[in-house]
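Next come the chains, spelled out residue by residue.
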Amino acid sequence: QVQLVESGGGLVQAGGSLRLSCAASGIIFSINTMAWYRQAPGKQRELVATITASGSTNYADSAKGRFTISRDNAKSTVYLQMNSLKPDDTGVYYCNAHLGVLTSAWGQGILVTVSS
């Protein structure tokens, strides 16, 4: 059974930091591209960051310079370090594992709220 479990969300003031974690099971973690998405109320889900099996990363323009995605294959965990948080970063953050062509696994989501 594929399972992705996010943790580390919560309430933080603007300018603060949070680190999200996503623990994966039921997949061969080391060969999968992993990603973080987020969804704000009334908006569609958007891609925040990706990291390939080899460690190559990509970021949404809104995340560049502030967020860092990383992975620990020994722990089957992907992280999203979020610094200099803004109220616009508020939303539900989802961990995603790319398992194949048009096939993904999703976590349940975790709420991040940034207050001004």
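Placed above this text is the structure.
Residues numbered from 1 in each chain as written. Predicted model: local features only at pLDDT ≥ 70, side-chain atom pairs only at ≥ 80, totals over all residues. Heavy atoms only, no water.

Caption draft 1: Here's a closer look at the overall build of the chain. Along the chain, the regular secondary structure elements total zero helices and eleven strands. Its helices and strands taken in sequence order, the chain reads β-β-β-β-β-β-β-β-β-β-β from the N to the C terminus. For 116 residues, the compact-globule estimate of 2.2 N^0.38 gives 13 Å, and the C-alpha radius of gyration of the chain, at 13 Å, lies within 12% of that figure. Overall size of the chain, expressed as C-alpha extent along the three principal axes, is 40 × 25 × 20 Å. (Helix = DSSP H or I, 4+ residues; strand = E, 2+ residues; numbered from the N terminus. Rg over C-alpha atoms; globule rule 2.2 N^0.38 Å.)

Caption draft 2: Structural context of the packing of aromatic side chains. Using the criterion set out here, one finds two aromatic pairs in the structure. Taken together, a centroid distance of 6.4 Å and an interplanar angle of 85 degrees make the contact between Tyr94 and Trp106 edge-to-face. Residue Tyr94 is located in strand S9 (residues 91–100), and its partner Trp106 is located in strand S10 (residues 103–106); the two are separated by twelve residues in the primary sequence. Among the aromatic residues, ring-to-ring pairing joins Tyr37, Tyr94 and Trp106 into one connected group. The positively charged end of Arg45 is found above the aromatic ring belonging to Tyr94, 3.8 Å away from the centroid. Here the basic side chain of Arg71 rests over the ring of Phe29, its NZ or CZ set 4.5 Å away from the ring centre. (Phe/Tyr/Trp six-rings, centres within 6.5 Å; stacked < 30°, edge-to-face > 60°. Lys NZ or Arg CZ within 6 Å of the ring centre and 35° of its normal.)

Nothing here speaks to function; it is geometry throughout.
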